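Here are the chains, one letter per residue:
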Amino acid sequence: MICRSVFSFLCLSALPCVAAEPVTLFPNSDFEAGTLANWTAAGAAFTRQPTYHDNTAARGNIPCGLQGNYWIGTYENYDGVTGAPGDTRGDTPVGTLTSQSFAIQKRYITFLMGGGNHAGGTGVKLVCEGVEYPMSTGFDSEAMAPVTFDAQALAGKSATLVIFDQETGGWGHINADNFQASDEPAPTGFRLTPGIPAADSPTIGYDQAQRPQFHFTSRRNWLNDPNGMVFDGEKYHFFFQHNPLGTGWGNMTWGHAVSTDMIHWRQLNHALRPYQVEGRSGTIFSGSAVRDFNNSLGVQVSSRNTLAAFFTYAHSPFYQALAYSTDGGVTWNYHNDGKAVVPNQGFDDGERDPKVFWHEASQKWVMVLWVHNGPGRVRFFTSTNLKDWNFASDLMRDWAFECMDMFPLKVDGNPAQTKWVICDASYDYEIGSFNGTTFQTEAGPFHASSGSFYAAQSFNQAPNGRVVQIGWMNGGPDSASAYGVPFNQQMSFPCELSLRTTPDGVRLCANPVSEISSLVTSTYQAADQPLNATNLLAGIGGLDLVDLSMEFEPRTATQVVIDLPRTTVRYNVSSSTLTFTDVNGNAISLVDGAVTQRAGRVKLRLLLDRLSLEGYTFDGEKFGSQYVSPSNGTTTPAIYAVGGQGWVNSLSVKKLASAWTPETPLSTTIINPGFDDGIPSGGSFQSTVPGWTTFGDWAGAAGRWDDSGNALTQAAGYPDFTGLGAASLKARNAANENRAGLFQSLGRVALADIGKTFTLGADLGARITDGAGNYSHTGELTVSFRKGLTSGVPGDGGTLLGTAGTRTVTANDAVLPSLASVVPVRYTAAFTPGIEDVGTEVFAVIDLKNVSSSASATNGEKQYIADNVTLSAVVPPLPSGVLAYEGFDYASGNASLSGGAGGRGWAAPWVTVDNGSADVVAGSLAGGARVPAGFDAASAGNRCNLPNGRRGGDFLIRVRTGPSE
């Protein structure tokens, strides 16, 4: 018999009245004996248990969150004695683990639970007097979360625990630990899942030979779906599905990058990370983001609009949740602890991928959500505050499956013919009308794109009504294992979408964004030339990154051939097909279907990167994104005809530069440090300060004093300061007029900045303003490094980096004429960037917070002074011993590594990685050609631990007197 609930109103006379610390239910209920003492195993699932240490982290997955040293994990195969760290046995074994009998002494039984979410198949149950009480199943996560079982109705009775694993498919395993008796429930509030880093670690540059140069890739590790694409009024935000812990799919997190042109991207900290709440442990699946331009959410704290991100919380059953940022995406808050703003609708446990946008005509926010497959169902919701969502309508379409996108476009550029397009992950789409609640189909479904193109999303609120879309180039090789690079997968090149009238009717078209012109280094052009066996590109030199456009007439030719590095493109006249050489050396279609000549002509555009080729015919009426191999193609580019003669109407071959610009370290120079630039200015106060940007609660709250006219005298309450200029920061009598500040950007943290200590100093003081009259006012003047600032009124002081220097200064009229208590005094701030800070824009900031004033002091301004700003950076000496670990992921756990594959240019080849460890031959890490002179490297004890299926690499040994890089 199975009992589904325990009645909590029954009396627990046996339970103590005063809460005490939790205790083990019986000896070894927490598995810390390192054995299964007091437990009985049946079947194969528990034969090598308990698991020792954090075996999930050892194999490159998310940390399991164990308590102590031992836990139960039926997927794991390492008990500290047998096997090796990271070893696994898979999901096939099944069995049960039954505890000894114990007395229920406290109201609650608490424990940690993870693994597969299979009700009745994986989990733990309590058996008491022949009745089974389900306690918990897993959460489809290796990370264990706290769980509480209310045993109030069973007080004083004897019971046993049964941990069971009867599943053999995906997530067919269970994780469990630390069964305790407690007077209080286990905490189940919000917390980020332990072990997911704030940034990719260790950081790495973009200089690998096989890294795509103008297609987005993460610095390292796995990526897939584009997420949260939005323009915030100044820059584009691009979020993406990301595994921070490895080059395979898993641990879904929102990576984050920003750009001003959609070409040059800078990756920032991870924006949204997996979390646990209410006993659930989930990851962050796909979604969208909007700029809350009208403060619908009601959390805006400065002149900068809030960014609101909607995502799927991936714990079955999935739901849709909200996070927001008030500082331009630097930091994020999970609304209502990450609980549902749109609960699961009951159609599918995996309902996902909310697309949110503003609908101007109805003055509401709209959410488009995929909720069911077979029959396909897309659900529309509306909201006025981004928190409360109301059902609007359902669109029943069998073609629709996940990652929905929706946007308006003008047919042939005509505003009077604006239509809406709705599409799914596979790029099936329909064209129609949308009134804010219901989509009405007018044409379709059609299919766009070809090859490796999936889950595309468009930027919300892009300037001038542009619709620009980026897709995940799925289905390609595992880049990490195939090419020895530290990342896996890439995005398509951003394309601007349009609706155009074609011979087949109105269709969706895609063309590379015009911003690609910023990468062009040279252009070869030709026009009105015969196309025959002669190479049209003879003399053009080598090609690498290419943007090629061509319009031609095949005429009597049977083929038109374009030989490029890494691939060959052919137009086959008899079949009207366009093929390319794929990663396997086969000729396959570049775009779907026939490319039929129009008036005897074919129009083609190609974008060639290190690992990909994208093709567009007739201005993007058909387009395809495909992977190519570095080992294919030719070093001699050529365009020629086979079997006859054609004609080239126009040809443009543009060589492109890399979009990965060299990272510039943070500046160590302050512009206008003494506030003297531009003096004399013609007045004693200016609200504009050369080199500095101001913010404050009112216009003129921050500015600069000019003493060139000798008006700033001690008799007027001014203390001495350096030079003729000083920063002025003011508060005044009106409510909420107590803040002011100045700042300047030092740039963004680069890899070279990691470990440096930056020191910012300034002289901080005040002015005595009212003269005699028994008044005083007190303010906090701060010098600091910060991120996420906003200028203007009221502006935003951002988020502190490192430690600040704060002076609390009181201006009291009793000190006139000495001014001793307000004379500027030196204060300093310090900031040492870490891995998580790479890509972060850093500001030098001086700001005021007026904290109090006497009644008479409220009449008029309270004035404070800053001067003589300095900035320095110190690189600490390198420590001796192991400094860094460099390696790459290999999914199979077996790989032959060489200096070239390793990516660091060591002199000797690396050994084969097999079964979790590898011998490193003494001296094999001697410096190669790329290593700085005088560098000395050696193997650390000649052996490195390399968990099976994860990483191979080397330890870098450096001494204090060694080189700095």
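No experiment lies behind these values; they were computed from the predicted model shown.

**Q** Would you mind going over the packing of aromatic side chains with me for this structure?
**A** For any pair of aromatic rings, the description consists of the separation of the ring centres together with the inter-plane angle of the planes. Counted according to the given criterion, the structure contains 53 aromatic pairs. For the pair Tyr206 and Trp660, a centre-to-centre distance of 4.0 Å together with 5° between the ring planes defines the contact as stacked. You can see Tyr206 sitting in the loop between strand S13 (191-192) and strand S14 (221-231) and its partner Trp660 sitting in the loop between strand S47 (646-656) and strand S48 (685-686), a full 454 residues away along the chain. Between Tyr429 and Phe446, the aromatic rings sit 5.5 Å apart at their centres with planes inclined by 55°, giving tilted as the arrangement.

**Q** Looking at this model, I keep getting lost on the sheet that holds strand S29 (residues 428-434). Mind explaining?
**A** Strand order across the open sheet formed by four strands is S27-S28-S29-S30, with antiparallel pairing between neighbours. Edge strands, defined here as strands with exactly one partner in the open sheet, are strand S27 (405-410) and strand S30 (439-447). On average, each strand axis in the sheet is inclined to that of its neighbour by 30°, with strand direction left out of account.

**Q** What is the right way to look at the layout of surface pockets in this model?
**A** The gaps of empty space that remain are located by a probe, the size of a water molecule, rolled over the atoms. Size it by volume and the second largest pocket reaches roughly 1100 Å³. If you go around the second largest pocket, you meet 50 residues; those closest to its centre are Lys235, Val258, Leu268, Gly328 and Arg748. At the level of secondary structure, the elements contributing two or more residues to the lining of the second largest pocket comprise strand S16 (253-259), strand S17 (266-267), strand S20 (306-314), strand S52 (739-748) and strand S57 (841-853). Partitioning the lining of the second largest pocket into residue classes produces 17 nonpolar, 19 polar and 14 charged.

**Q** Explanation requested: the sheet that holds strand S21 (residues 319-325) in the structure shown.
**A** Backbone hydrogen bonds are what pair the strands of a sheet, in a parallel or an antiparallel way. Ordered by their spatial adjacency, six strands build an open sheet running S13-S18-S19-S20-S21-S22, and the pairing between neighbours is antiparallel. Two strands in the sheet have a free side with no partner beyond their single neighbour: S13 and strand S22 (333-334). Note that S21 and S22 share two bridges and pair antiparallel. Across the sheet, residue Tyr324 finds its bridge partner in S22, namely Asn333.

**Q** Is there a simple way to think about the nonpolar core in this case?
**A** In summary, soluble globular proteins display a tendency toward joint burial of nonpolar side chains. In terms of nonpolar packing, the biggest core is built from 56 residues, with Phe216, Trp265, Tyr427, Phe459 and Leu508 touching the most fellow members. The element contributing the most residues to this core is S14, with four residues. When near neighbours in sequence (up to four residues on either side) are disregarded, Tyr427 contacts Phe446, His447, Ala448, Ser449, Phe453, Ala456, Gln469, Leu497, Leu508 and Phe623. Of all hydrophobic cores here, the second largest spans 41 residues; its members include Phe758, Leu764, Phe785 and Val815.

**Q** Even after reading the chapter, I still don't get the side chain of Thr110, so can you show me in this structure?
**A** The topology assignment puts Thr110 in strand S7 (residues 108-115). If near-sequence neighbours (up to four positions away) are discounted, Thr110 is found in contact with Val147, Thr148, Asn178, Phe179, Gln180, Ser182, Glu184, Pro185 and Ala186.

**Q** So what exactly am I meant to see when it comes to the environment of Cys128 here?
**A** Structurally, the position occupied by Cys128 is in strand S8 (residues 122-128). Judged by relative accessible area, Cys128 falls into the buried class, the value being 2%. Linking Cys128 and Ser158, residues 30 residues apart in sequence, is a C-alpha distance of 6.3 Å. Residues contacting Cys128, with those up to four places away along its chain left out, are Tyr133, Leu154, Lys157, Ser158 and Ala159.

**Q** Sorry, what's going on with the pairing of S8 here?
**A** With respect to burial, S8 is a largely interior element, five of its seven residues being buried. Bridging between S8 and strand S11 (residues 158-165) involves six bridges; their strand directions are antiparallel. Opposite Val124, over in S11, you have Ile163 as the bridge partner. Two strands pair when backbone bridges link them, and S8 and strand S9 (residues 131-136) are joined in this way by five bridges, in the antiparallel orientation. Across the sheet, the residue bridging to Lys125 is Pro134, located in S9.

**Q** It is not clear to me how the pattern of salt bridges should be interpreted in this structure. Could you clarify?
**A** Charged atoms that come close allow side chains of opposite charge to pair. Using the criterion set out here, one finds 32 salt bridges in the structure. For Arg379, the salt bridge is made with Asp394, and the minimal N-O distance between the two is 2.7 Å. One end of the pair, Arg379, is in strand S25 (residues 377-383); the other, Asp394, is in strand S26 (residues 390-396), with 15 residues separating them in the sequence. Residue Arg379 is classed as buried on the basis of its relative accessible area of 11%. Between Asp753 and Lys756 there is a salt bridge whose closest N-O contact spans 3.5 Å.

What counts, and at which threshold
- Residues numbered from 1 in each chain as written.
- Predicted model: local features only at pLDDT ≥ 70, side-chain atom pairs only at ≥ 80, totals over all residues.
- Heavy atoms only, no water.
- Phe/Tyr/Trp six-rings, centres within 6.5 Å; stacked < 30°, edge-to-face > 60°.
- Helix = DSSP H or I, 4+ residues; strand = E, 2+ residues; numbered from the N terminus.
- Pairing = 2+ DSSP bridges.
- Axes fitted to C-alpha atoms, helices over the stretch in contact; angles between N-to-C directions.
- 1 Å grid on protein atoms, 1.4 Å probe; cavity = no way out; pocket = protein on both sides within 12 Å on 5 of 7 lines; lining within 4 Å.
- Points joined across faces, edges and corners; volume = space filled by probe spheres on them.
- Nonpolar A, V, L, I, M, F, W, Y, C, P; charged D, E, K, R; others polar.
- Core = buried A, V, L, I, M, F, W, Y, C linked by side-chain atoms within 4.5 Å.
- Buried < 20%, exposed > 50% of the residue type's maximum accessible area, 1.4 Å probe, protein only.
- Contact = heavy atoms within 4.5 Å.
- Salt bridge = Lys/Arg side-chain N within 4 Å of Asp/Glu carboxyl O.

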